[in-house]
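Remarks on the overall topology
The lines below spell out each chain.
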Amino acid sequence: MLKRILIANRGEIARRIARTCARLGVEYVCVYSDADAGADHLTGAFEKVRVGAAPAARSYLDIDALIDAALRSGCDAVHPGYGFLSENPRFAERVVEAGLTFVGPRPETIRAMGDKATARKLMAAAGVPVLPGSPEATESHAELAADARSIGYPLILKPAAGGGGKGMRVVTDESQLADAAAEAVRLGRAAFGDGRVLAERYVPSPRHIEVQVFGDTQGSVVHLYERDCSLQRRHQKIVEEAPAFGLDESVRTAMLSTAVRGARALGYVNAGTFEFILGPDGDFYFLEVNTRLQVEHPVTEEITGIDLVEWQLRVAAGEPLPVPQEEITSSGHAIECRVYAEDPAAGFRPAPGRAVYARWPDSVRVEAAFDTAGEASQHYDPLVAKLVAHGPDRAAALRRLDAALGSTTVLGLTTNVGYLTHLLGEPRVRAGRTHTHLVDGVSPADGHETADLAIACAASIAAMPAPETASPWWGRLGPLDRAALAPDAPLGRITVRCRGSRRQAAITARTGSVLAVRVGDRTVDVRITRQGPVWTGHAGGHRWSGTRVGADVELCIGGDRFTITDDVRSDRDAAASDNVLRASLPGVVVSLPHAEGDRVEAGETVVVIEAMKMEHRLTAPAPATIEKLGCALHAAVAAGQVLAVLLPEESSGPPPGQPVRPAPERSEHVR
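In short, a report on the structure. (Residues numbered from 1 in each chain as written. Predicted model: local features only at pLDDT ≥ 70, side-chain atom pairs only at ≥ 80, totals over all residues. Heavy atoms only, no water.)

1. Observations regarding the sheet that holds strand 2 (residues 27-33)
- Strand order in the open sheet made by the 5 strands is 3-2-1-4-5, with parallel pairing throughout. What marks the edges here is a single partner per strand, and that holds for strand 3 (47-52) and strand 5 (101-102).
- Pairing of strand 2 with strand 3, which is carried by 5 bridges, proceeds in the parallel orientation. Looking at the pairing, Cys-30 lines up with Lys-48 of strand 3.
- This element, helix 10 (residues 308-316), spans strand 1 (4-7), strand 4 (77-79) and strand 5 of the sheet and lies at about 150° to strand 4. (Pairing = 2+ DSSP bridges. Helix = DSSP H or I, 4+ residues; strand = E, 2+ residues; numbered from the N terminus. Contact = heavy atoms within 4.5 Å. Axes fitted to C-alpha atoms, helices over the stretch in contact; angles between N-to-C directions.)

2. Quick look at the packing of aromatic side chains
- For the structure on display, the rule yields 9 aromatic pairs.
- Consider the rings of Phe-214 and Trp-311, whose centres lie 5.3 Å apart with planes at 80°: the pair is edge-to-face. Within this pair, whereas Phe-214 is found in strand 9 (residues 207-215), its partner Trp-311 is found in helix 10, the two being separated by 97 residues in sequence. Both residues of the pair, Phe-214 and Trp-311, belong to the buried class.
- Among the aromatic residues, those joined into a cluster by ring pairs are Tyr-60, Phe-84 and Tyr-380.
- Lying across the ring of Phe-348, Arg-233 places its NZ or CZ 3.8 Å from the centre.
- Sitting over the face of the ring of Phe-245, Arg-394 holds its NZ or CZ atom 5.0 Å from the ring centroid. (Phe/Tyr/Trp six-rings, centres within 6.5 Å; stacked < 30°, edge-to-face > 60°. Buried < 20%, exposed > 50% of the residue type's maximum accessible area, 1.4 Å probe, protein only. Lys NZ or Arg CZ within 6 Å of the ring centre and 35° of its normal.)

3. Some points on the packing of helix 4 (residues 107-114) against helix 5 (residues 116-125)
- The geometry of helix 4 relative to helix 5 is characterised by a closest axis approach of 5 Å and an angle of 100° between their N-to-C directions. Taken together, the axes of helix 4 and helix 5 are roughly perpendicular relative to one another. In contact with Ala-112, Met-113 and Gly-114 of helix 4, helix 5 contributes Lys-116, Thr-118, Ala-119 and Leu-122.
- Here the residues of the contact of helix 4 with helix 5 sort into 4 nonpolar, 2 polar and 1 charged. (Parallel < 35°, antiparallel > 145°, perpendicular 65-115°, else oblique. Nonpolar A, V, L, I, M, F, W, Y, C, P; charged D, E, K, R; others polar.)

Shown next, in the form of structure tokens:
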């Protein structure tokens, strides 16, 4: 067994690897950037090594810094986790050249599978079914047009060096091909330094099924069954489960044996995942091989009882696979959902920030970047945690996961917990009739009901005696003395702002820790108790928690986050002009397609910023002239910073004195 490893990663996956190391008695060294100096993943490390500044390119992607950290701390191996350099063949080579063990596949396997064109050829030669597609990757429009005529429409364009859906474009007819190809080439160059593109036949509404494989240095290869990862948005997975529900046994058997055959053809060593798309007709096709541990590996661990990280370490140390194929069994059903720092109400825009208080459920497995509080940095992926429920069957696992989401609280940080609850309650998801485009048609709940509940909870907090730390909120309504009021008079009243609207709440009765609060034409019974700086309770059938953040009250109810502002404090944002495009979150400007004085049409991109591995396009809401740019290419921008001032055209603009309303941002994953 390895003695000391460097975990070349951060967040929840670094903590996951550390947990297995601790159980096995393997010492581990953690690295950190300036943004992660106090992060929870450093806890328990044999040594902690700073590898650079906050941006990933200057820390977690700095190969020299990571190799130096491993050597200086006396490590004999490096575990890359997932993301960052986990599928970078040059990093794997450098680790080996330094005399260290790379916990993962051989560098040549990573390189071959990282190029979609090469991967297609190798898998086709191994008898793995591939979609009709380009024989070679190219940047030539003429070659892609010829490929398209052979493949037929619809088709999908994929950057050959890409991953995570970045740069993929679906083309439904020949008239769209030129523009789509140019954009795919541009995005491939920008994101991967390689503009070559492949065209493949597009399968509408498929299921995304993947098979976990493992190989050792003695030549043995096994599978650990399959996972269904069909619930995804913009090619990014949200919910995963194992085994794939309702999968025909003949298809399952064929898919598992195909994955093993493909892995043997590669001489595969360590953990890997063969991804397939499964068409409505039951035919499946090779998609790609992920040469690393997957984010969704816990669902496989739950149904097999196998610690995949332990297997990775043992295989990397030269040991044979711990058990043969016939001893690997599957039991029950497991479902995982990913908790992201993002705002579903704003088009799932990443929402970096600090969680001032977190309470994770104890009824399911939790893989979280932090325990009770922590940062979701603008510099990294917005994944905060994963909740994993296991049950004797799918229905039981869904019930457990739903209950776990209901008891999850994150304050100070906007997450998608409420949306996950909404998604898992969708009838097609409940029935297991999922496909890769289902999520596109499931919009977030309007939030009106939970907003009313949040206002009622905020009013209840305002009615409570002030704690030791003074606040404009607590005790705001004063003592609730019914005897001093007329029988039908409210005990207290407060006016607040919630998501841009001014609302009023009136407390009409109180019995012990339960307050009756009227919001609009609805009266809500709010149960409230205090636990230090946090208030908790139940309202309208939902568990809620709240605390003071600055002069506001932060509330989490039904998985949704609300910031409630005491309206007495002012309408400070009401007078802000909307004739400008502002950065909605901190990031870096990656594209400025226009200059000052240029005319832009409605919907035309003015500025593109990148944050939390997403591109955000700010577009003109109406025909206008760019009067002023408030940013420069490659410059860092702060949340709320003015990026552009627009001068609307009089003929098509709003009436005099009325502001231009900026169009919603459009976001896209970078990798």
